[in-house]
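Structural features, examined
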Amino acid sequence: EAGVAQSPRYKIIEKRQSVAFWCNPISGHATLYWYQQILGQGPKLLIQFQNNGVVDDSQLPKDRFSAERLKGVDSTLKIQPAKLEDSAVYLCASSGTGHIFYGYTFGSGTRLTVV
Amino acid sequence: DAKTTQPTSMDCAEGRAANLPCNHSTISGNEYVYWYRQIHSQGPQYIIHGLKNNETNEMASLIITEDRKSSTLILPHATLRDTAVYYCIATYSGGGADGLTFGKGTHLIIQP
(Lines give C-alpha, C1' and ligand atoms only; values in the text may rest on other atoms or scores of the structure.)
Protein backbone atom coordinates (compact mmCIF):
# COMPACT_ATOMS: atom_id res chain seq x y z
CA GLU A 1 0.00 0.00 0.00
CA ALA A 2 1.08 3.59 -0.57
CA GLY A 3 2.49 5.35 2.48
CA VAL A 4 1.62 8.67 4.04
CA ALA A 5 2.39 11.43 1.54
CA GLN A 6 3.56 14.86 2.64
CA SER A 7 4.51 17.97 0.72
CA PRO A 8 6.54 20.02 0.35
CA ARG A 9 9.62 18.14 1.50
CA TYR A 10 11.48 21.34 2.40
CA LYS A 11 10.40 24.94 2.95
CA ILE A 12 12.34 28.08 3.84
CA ILE A 13 10.45 31.22 4.82
CA GLU A 14 11.12 34.47 6.59
CA LYS A 15 9.71 35.11 10.04
CA ARG A 16 6.21 36.58 10.06
CA GLN A 17 5.38 34.88 6.74
CA SER A 18 2.76 32.15 6.48
CA VAL A 19 3.25 28.55 5.37
CA ALA A 20 1.09 25.50 4.77
CA PHE A 21 1.87 21.80 4.78
CA TRP A 22 -0.18 19.07 3.16
CA CYS A 23 -0.70 15.46 4.17
CA ASN A 24 -2.46 12.59 2.43
CA PRO A 25 -2.86 9.59 4.75
CA ILE A 26 -3.03 5.94 3.85
CA SER A 27 -6.30 5.19 2.10
CA GLY A 28 -9.03 4.27 4.55
CA HIS A 29 -7.19 5.48 7.65
CA ALA A 30 -9.67 7.42 9.76
CA THR A 31 -7.22 8.92 12.23
CA LEU A 32 -4.63 11.51 11.28
CA TYR A 33 -1.97 13.15 13.44
CA TRP A 34 0.36 16.11 13.03
CA TYR A 35 3.61 16.16 14.97
CA GLN A 36 6.35 18.77 15.32
CA GLN A 37 9.94 17.57 15.72
CA ILE A 38 12.56 20.10 16.75
CA LEU A 39 16.16 19.12 16.08
CA GLY A 40 17.49 16.74 18.71
CA GLN A 41 14.08 16.01 20.24
CA GLY A 42 11.41 13.40 19.76
CA PRO A 43 8.23 14.27 17.83
CA LYS A 44 5.58 16.23 19.73
CA LEU A 45 1.89 15.79 18.97
CA LEU A 46 0.18 18.94 17.71
CA ILE A 47 -3.27 17.71 16.70
CA GLN A 48 -5.24 14.50 16.16
CA PHE A 49 -8.21 14.11 13.80
CA GLN A 50 -10.75 11.29 13.73
CA ASN A 51 -12.30 11.52 10.26
CA ASN A 52 -12.87 15.29 9.95
CA GLY A 53 -13.31 16.00 13.66
CA VAL A 54 -10.63 17.14 16.11
CA VAL A 55 -9.95 14.65 18.91
CA ASP A 56 -6.99 16.37 20.59
CA ASP A 57 -5.46 19.79 19.90
CA SER A 58 -4.29 20.54 23.42
CA GLN A 59 -0.68 21.15 22.32
CA LEU A 60 -1.44 23.16 19.20
CA PRO A 61 -0.40 26.84 19.54
CA LYS A 62 -3.74 28.10 18.34
CA ASP A 63 -2.70 31.73 18.11
CA ARG A 64 -0.60 30.91 15.05
CA PHE A 65 -1.20 27.28 14.06
CA SER A 66 -4.32 25.91 12.43
CA ALA A 67 -5.20 22.59 10.83
CA GLU A 68 -8.12 21.19 8.93
CA ARG A 69 -9.27 17.90 7.46
CA LEU A 70 -12.42 18.95 5.66
CA LYS A 71 -13.43 15.74 3.89
CA GLY A 72 -11.91 13.32 6.36
CA VAL A 73 -9.10 12.42 3.99
CA ASP A 74 -6.16 14.76 3.41
CA SER A 75 -5.18 17.50 5.83
CA THR A 76 -3.47 20.88 5.86
CA LEU A 77 -1.44 22.42 8.69
CA LYS A 78 -0.86 26.17 8.54
CA ILE A 79 1.38 28.53 10.46
CA GLN A 80 0.63 32.26 10.37
CA PRO A 81 2.75 34.19 11.22
CA ALA A 82 5.83 32.01 11.56
CA LYS A 83 8.44 32.52 14.26
CA LEU A 84 12.06 31.44 14.33
CA GLU A 85 11.23 28.76 16.92
CA ASP A 86 8.84 27.11 14.47
CA SER A 87 11.85 25.74 12.57
CA ALA A 88 11.32 22.00 12.76
CA VAL A 89 10.22 18.92 10.86
CA TYR A 90 6.45 18.57 10.64
CA LEU A 91 5.38 14.95 10.51
CA CYS A 92 2.02 13.54 9.55
CA ALA A 93 0.90 10.08 10.66
CA SER A 94 -2.22 8.02 10.15
CA SER A 95 -3.81 4.94 11.64
CA GLY A 96 -6.77 2.81 10.82
CA THR A 97 -8.81 0.13 12.50
CA GLY A 98 -6.48 -2.15 14.32
CA HIS A 99 -3.75 0.43 14.77
CA ILE A 100 -3.19 -1.02 18.19
CA PHE A 101 -1.68 -4.00 16.45
CA TYR A 102 0.09 -2.33 13.56
CA GLY A 103 1.19 0.98 14.95
CA TYR A 104 0.96 4.32 13.27
CA THR A 105 2.41 5.04 9.82
CA PHE A 106 4.41 8.23 9.50
CA GLY A 107 5.27 10.26 6.45
CA SER A 108 8.79 11.54 5.82
CA GLY A 109 7.90 15.02 6.99
CA THR A 110 8.31 18.62 5.85
CA ARG A 111 11.45 20.38 7.04
CA LEU A 112 10.65 24.04 7.78
CA THR A 113 13.36 26.63 8.23
CA VAL A 114 12.33 30.08 9.41
CA VAL A 115 14.96 32.78 8.88
CA ASP B 1 1.40 7.98 28.89
CA ALA B 2 3.79 6.56 31.44
CA LYS B 3 7.24 8.15 31.61
CA THR B 4 9.99 6.10 29.98
CA THR B 5 13.74 6.31 30.51
CA GLN B 6 16.26 5.21 27.89
CA PRO B 7 20.03 5.58 27.53
CA THR B 8 21.00 8.49 25.31
CA SER B 9 23.22 6.44 23.03
CA MET B 10 24.57 2.94 22.48
CA ASP B 11 27.05 1.25 20.17
CA CYS B 12 26.84 -2.26 18.77
CA ALA B 13 29.05 -4.21 16.38
CA GLU B 14 27.55 -5.23 13.07
CA GLY B 15 26.24 -8.81 13.17
CA ARG B 16 25.87 -8.84 16.93
CA ALA B 17 22.62 -8.59 18.87
CA ALA B 18 21.66 -5.06 19.90
CA ASN B 19 19.85 -4.91 23.25
CA LEU B 20 18.10 -1.62 23.96
CA PRO B 21 16.74 -1.15 27.49
CA CYS B 22 13.78 0.95 28.57
CA ASN B 23 12.50 1.72 32.04
CA HIS B 24 8.78 2.39 32.53
CA SER B 25 8.30 1.87 36.26
CA THR B 26 5.00 3.81 36.43
CA ILE B 27 3.29 1.95 33.58
CA SER B 28 -0.43 1.27 34.07
CA GLY B 29 -2.03 -2.12 33.65
CA ASN B 30 -3.69 -1.22 30.35
CA GLU B 31 -0.69 0.51 28.79
CA TYR B 32 1.23 -1.21 26.05
CA VAL B 33 4.95 -0.84 25.41
CA TYR B 34 5.63 0.33 21.85
CA TRP B 35 8.94 0.65 20.08
CA TYR B 36 9.53 2.90 17.10
CA ARG B 37 12.71 3.85 15.34
CA GLN B 38 13.64 6.87 13.27
CA ILE B 39 16.31 6.66 10.64
CA HIS B 40 17.89 9.97 9.64
CA SER B 41 15.59 12.21 7.57
CA GLN B 42 12.67 9.79 7.80
CA GLY B 43 9.54 9.59 9.93
CA PRO B 44 9.37 7.15 12.84
CA GLN B 45 8.75 3.52 11.92
CA TYR B 46 6.78 1.08 14.04
CA ILE B 47 8.83 -1.91 15.20
CA ILE B 48 6.92 -3.92 17.77
CA HIS B 49 4.64 -3.66 20.78
CA GLY B 50 3.61 -5.77 23.75
CA LEU B 51 1.52 -5.81 26.90
CA LYS B 52 2.77 -8.58 29.17
CA ASN B 53 4.22 -11.38 27.11
CA ASN B 54 7.41 -11.39 25.12
CA GLU B 55 6.84 -10.68 21.45
CA THR B 56 8.79 -11.40 18.28
CA ASN B 57 8.31 -10.33 14.69
CA GLU B 58 10.46 -10.16 11.61
CA MET B 59 12.21 -7.03 12.83
CA ALA B 60 12.87 -7.58 16.51
CA SER B 61 12.02 -9.21 19.82
CA LEU B 62 10.55 -7.48 22.83
CA ILE B 63 11.22 -8.76 26.31
CA ILE B 64 9.02 -7.32 29.09
CA THR B 65 9.86 -8.04 32.71
CA GLU B 66 7.26 -9.83 34.80
CA ASP B 67 6.53 -6.69 36.83
CA ARG B 68 6.28 -4.72 33.55
CA LYS B 69 8.53 -1.99 34.90
CA SER B 70 11.12 -2.38 32.18
CA SER B 71 11.62 -3.90 28.76
CA THR B 72 14.35 -4.67 26.26
CA LEU B 73 14.20 -4.43 22.49
CA ILE B 74 16.46 -6.95 20.80
CA LEU B 75 17.69 -6.66 17.22
CA PRO B 76 19.15 -10.14 16.77
CA HIS B 77 21.69 -9.48 14.02
CA ALA B 78 22.30 -5.76 13.74
CA THR B 79 23.24 -4.27 10.38
CA LEU B 80 24.49 -0.80 9.48
CA ARG B 81 20.94 0.04 8.35
CA ASP B 82 19.77 -0.37 11.96
CA THR B 83 21.61 2.81 12.93
CA ALA B 84 18.77 5.05 14.12
CA VAL B 85 17.09 6.65 17.13
CA TYR B 86 14.93 4.11 18.96
CA TYR B 87 11.92 5.29 20.98
CA CYS B 88 10.23 3.34 23.75
CA ILE B 89 6.67 4.52 24.49
CA ALA B 90 4.24 3.27 27.12
CA THR B 91 0.70 4.17 26.17
CA TYR B 92 -2.89 3.05 26.01
CA SER B 93 -4.12 2.89 22.44
CA GLY B 94 -7.76 2.02 22.73
CA GLY B 95 -9.13 4.91 20.70
CA GLY B 96 -9.91 8.49 21.64
CA ALA B 97 -6.95 10.83 22.18
CA ASP B 98 -4.13 8.40 21.59
CA GLY B 99 -1.30 10.40 20.12
CA LEU B 100 2.14 9.12 21.04
CA THR B 101 4.40 10.89 23.55
CA PHE B 102 7.99 10.57 22.36
CA GLY B 103 11.04 11.11 24.56
CA LYS B 104 14.53 11.66 23.20
CA GLY B 105 15.09 7.96 22.57
CA THR B 106 18.33 6.00 22.26
CA HIS B 107 20.68 6.75 19.40
CA LEU B 108 21.93 3.31 18.34
CA ILE B 109 25.08 3.30 16.26
CA ILE B 110 26.03 0.08 14.52
CA GLN B 111 29.78 -0.13 14.02
CA PRO B 112 31.22 -2.01 11.01
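Residues numbered from 1 in each chain as written. Chains lettered and ligands numbered in written order. Predicted model: local features only at pLDDT ≥ 70, side-chain atom pairs only at ≥ 80, totals over all residues. Heavy atoms only, no water.

**Focus on the overall build of chain A**
- What chain A contains, in helices and strands, is one helix and 11 strands.
- For chain A, the C-alpha radius of gyration of 13 Å lies close to 13 Å, the compact-globule estimate for 115 residues.
- The principal-axis extent of the C-alpha atoms belonging to chain A is close to 40 × 25 × 20 Å.
- In chain A, which comprises 115 residues, the proportion classed as buried is 47%. (Helix = DSSP H or I, 4+ residues; strand = E, 2+ residues; numbered from the N terminus. Rg over C-alpha atoms; globule rule 2.2 N^0.38 Å. Buried < 20%, exposed > 50% of the residue type's maximum accessible area, 1.4 Å probe, protein only.)

**Quick look at the sheet that holds strand β7 (residues 65–68) of chain A**
All names here are of chain A.
- Taken in spatial order, the four strands make up an open sheet running β1-β3-β8-β7, and their pairing is antiparallel. The outermost strands of the open sheet, each flanked by one partner alone, are β1 (5–7) and β7. Within this sheet the neighbouring strands show an average axis-to-axis angle of 15°, counted without direction.
- Note that strand β3 (residues 19–24) and strand β8 (residues 75–79) share five bridges and pair antiparallel. (Pairing = 2+ DSSP bridges. Axes fitted to C-alpha atoms, helices over the stretch in contact; angles between N-to-C directions.)

**Quick word on the nonpolar core**
- Trp35(B), Leu73(B), Tyr86(B) and Leu108(B) are the most contacted members of the largest nonpolar core, which totals 22 residues.
- If you list the elements that add at least two residues to this core, you get β2 (18–23), β3 (32–38), β4 (45–50), β6 (61–64), β7 (70–75), β8 (84–91) and β9 (106–111) of chain B.
- Ranked by the residues each element gives to this core, the list is headed by β8(B), at four residues.
- Ignoring anything within four residues of it in the chain, the contact list for Tyr86(B) reads Gln6(B), Leu20(B), Trp35(B), Tyr36(B), Arg37(B), Ile47(B), Leu73(B), Leu75(B), Gly105(B), Thr106(B) and Leu108(B).
- Among the nonpolar cores identified, the runner-up in size contains 21 residues, and Val19(A), Leu46(A), Ala88(A) and Leu112(A) belong to it. (Core = buried A, V, L, I, M, F, W, Y, C linked by side-chain atoms within 4.5 Å. Contact = heavy atoms within 4.5 Å.)

**Details of the interface of chain B and chain A**
- Residue-level contacts link 20 residues of chain B with 22 residues of chain A.
- For the pair chain B and chain A, the summed buried surface comes to about 1700 Å²; carbon and sulfur atoms form 52% of the total.
- When the area that chain B buries against chain A is broken down by residue, the three leading residues are Pro44(B), Asp98(B) and Phe102(B), summing to 23%.
- For the interface between chain B and chain A, the tally reads zero salt bridges.
- One can count nine residue pairs in polar contact (both at pLDDT 80 or more) joining chain B with chain A. (Buried area = accessible area lost by both parts, 1.4 Å probe. Salt bridge = Lys/Arg side-chain N within 4 Å of Asp/Glu carboxyl O. Polar contact = N/O pair within 3.5 Å; in protein donor to acceptor, adjacent residues only side chain to side chain.)

**What about the packing of aromatic side chains?**
- One pass over the full model with this rule turns up 14 aromatic pairs over all chains.
- Taking the centre distance of 6.5 Å and the plane angle of 65° together, the rings of Tyr34(B) and Tyr46(B) count as edge-to-face. Of this pair, Tyr34(B) sits in strand β3 while Tyr46(B) is found in strand β4, placing the two residues 12 residues apart along the sequence.
- The exposure class of Tyr46(B) is buried, given its relative accessible area of 16%.
- With a centroid separation of 5.8 Å and 70° between ring planes, the pair formed by Tyr36(B) and Tyr46(B) is classed as edge-to-face. Of this pair, Tyr36(B) sits in strand β3 while Tyr46(B) sits in strand β4, and the two are 10 residues apart along the sequence.
- Among the residues examined, Tyr36(B) registers a relative accessible area of 0% and is labelled buried.
- The rings of Tyr33(A), Tyr35(A), Tyr104(A), Phe106(A), Tyr32(B), Tyr34(B), Tyr36(B), Tyr46(B), Tyr87(B) and Phe102(B) are connected pair by pair, giving a single aromatic cluster.
- The ring of Tyr10(A) carries Arg9(A) above its face, with NZ or CZ at 5.6 Å from the centroid. (Phe/Tyr/Trp six-rings, centres within 6.5 Å; stacked < 30°, edge-to-face > 60°. Lys NZ or Arg CZ within 6 Å of the ring centre and 35° of its normal.)

**Topic: the state of the cysteines**
- One pass over the structure, following the stated rule, counts two disulfides over all chains.
- Here Cys23(A) is linked by a disulfide to Cys92(A), with a sulfur-sulfur distance of 1.9 Å. Sign of the S-S torsion, about -70° for the bond between Cys23(A) and Cys92(A), identifies this disulfide as left-handed. Pair noted here: Cys23(A) is in strand β3 and Cys92(A) is in strand β9 (residues 88–95), with a separation of 69 residues, a long-range link.
- Relative accessible area serves as the criterion here: at 0%, Cys23(A) is assigned to the buried category.
- According to the relative accessible area criterion, Cys92(A) is buried, its value standing at 0%.
- Paired by a disulfide, Cys22(B) and Cys88(B) hold their sulfur atoms 2.1 Å apart. Judged by the sign of its S-S torsion, about -80°, the bond between Cys22(B) and Cys88(B) is left-handed. Remark: Cys88(B) occurs in strand β8 and Cys22(B) occurs in strand β2; sequence separation between them is 66 residues.
- Residue class for Cys22(B) comes out buried when judged on its relative accessible area of 2%. (Disulfide = S-S within 2.5 Å.)

On their own, these measurements won't tell you what the molecule is for.
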